[in-house]
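A structural walkthrough
Chain by chain, the residues:
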Amino acid sequence: ALTVGVLALQGGFIEHIELLNKAASSIFSQDFAFEAVEVRTAQELARCDALVIPGGESTTISFVAQQSGLLEPLRDFVKVQKKPVWGTCAGLILLCDEANGTKKGGQALIGGLSVRVHRNHFGRQMESFATPVDLPFLAGEGNSEQFPGIFIRAPVVEEVLPHGDGPEVEVLARLANRVERAKAGLSLAVTKGDAGDIIAVRQGSIMGTSFHPELTSDARIHSWWLKQVIRGL
Ligand code: GLN
């Protein structure tokens, strides 16, 4: 049996549950007890073998988690129990040990990834964009390593920090091209995205992506991640 939770305080949790179910139906047999569940309480979290933290707004997710007493159980799940966790966009931000571009006074993070992330790296909502990204780890998941990358006020990993006695930080993907786009009807806008910017990382049981696979119908990353989770159980 495998129970995967999706943190359901704010953001794209329903979309993640749909893609987890789609991925699970393609990799597990009918009689395997797979469940993807919404997580809002410490009791719900305690039932989970692994967790996805969706995109949304990291300040809001962090605030609600604090208010509802879920922040410490989340830290314990990720950093003490070391159960598998995958964060997308805001979820990635929450899983980093340090974040730049936060509001004055910062924001409470779950932490666990020895990296510093830069929030809203590409600019404001207007500078959101979609671009194919190369994900070499998807090589076994079909005939292409290209994935539709949806970046909405997306973060990038701006620095890999010393990992102490924890596992090494693996860079799973980088932006292939500099992001330059003309805004329709507006002056030419050049965002801050540079070729080489880190957009996917993994450190031991923790994975993070800058973009939102949950806003596509492509379940390949979900399939790949579920297989990693099963392997580690
Ligand atoms: N920039 C947002 C934040 O700080 C994340 C955006 C997203 O998840 N689409 O939370």
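Residues numbered from 1 in each chain as written. Predicted model: local features only at pLDDT ≥ 70, side-chain atom pairs only at ≥ 80, totals over all residues.

Under an unreviewed UniProt entry, the chain has the name glutaminase and belongs to Hypocrea virens. Turning to the chain, the UniProt annotation filed under Catalytic activity (unreviewed entry) states: "L-glutamine + H2O = L-glutamate + NH4(+)". What UniProt records for the chain under Sequence similarities (unreviewed entry) is the sentence "Belongs to the glutaminase PdxT/SNO family." (UniProt positions renumbered as here; feature names shortened; annotations may be inferred.)

This part covers the nonpolar core. Residues Leu51, Val85, Leu94, Leu95, Cys96 and Ile199 are the most contacted members of the largest nonpolar core, which totals 64 residues. In this structure, cysteine 96 is in contact with Leu109, Gly111, Leu113, Val115, Arg116 and Val117, ignoring residues within four places of it in sequence. (Core = buried A, V, L, I, M, F, W, Y, C linked by C-beta atoms within 7 Å. Buried ≥ 20, exposed ≤ 12 C-beta atoms within 10 Å, placed from the backbone. Contact = placed C-beta atoms within 7 Å.)

Another aspect to go through is the UniProt feature "binding site: L-glutamine" (unreviewed entry) in the chain. If you check UniProt for "binding site: L-glutamine" (unreviewed entry), the listed places come out as Gly56, Glu57, Ser58, Arg119, Ile152 and Arg153 in our numbering. Spatial clustering of the annotated residues is evident: they stretch over 98 residues in sequence, but the largest pairwise C-alpha distance comes to 12.6 Å. Relative to the elements of secondary structure, glycine 56 occurs in the loop between strand 3 (50–53) and helix 3 (58–67). In this structure, glycine 56 is in contact with Gln10, Gly11, Gly12, Ile61 and Ala90, ignoring residues within four places of it in sequence. Excluding residues within four positions of it along the chain, glutamate 57 makes contact with Gln10, Gly11 and Ala90. (Helix = DSSP H or I, 4+ residues; strand = E, 2+ residues; numbered from the N terminus.)

Attention now moves to the site of the ligand. Every residue near the ligand is listed here: Gly55, Gly56, Glu57, Ser58, Cys89, Ala90, Ile93, Arg119, Asn120, Ile152 and Arg153. Its residues assigned to classes, the shell around the ligand shows four nonpolar, four polar and three charged. (Near = placed C-beta within 6 Å. Nonpolar A, V, L, I, M, F, W, Y, C, P; charged D, E, K, R; others polar.)

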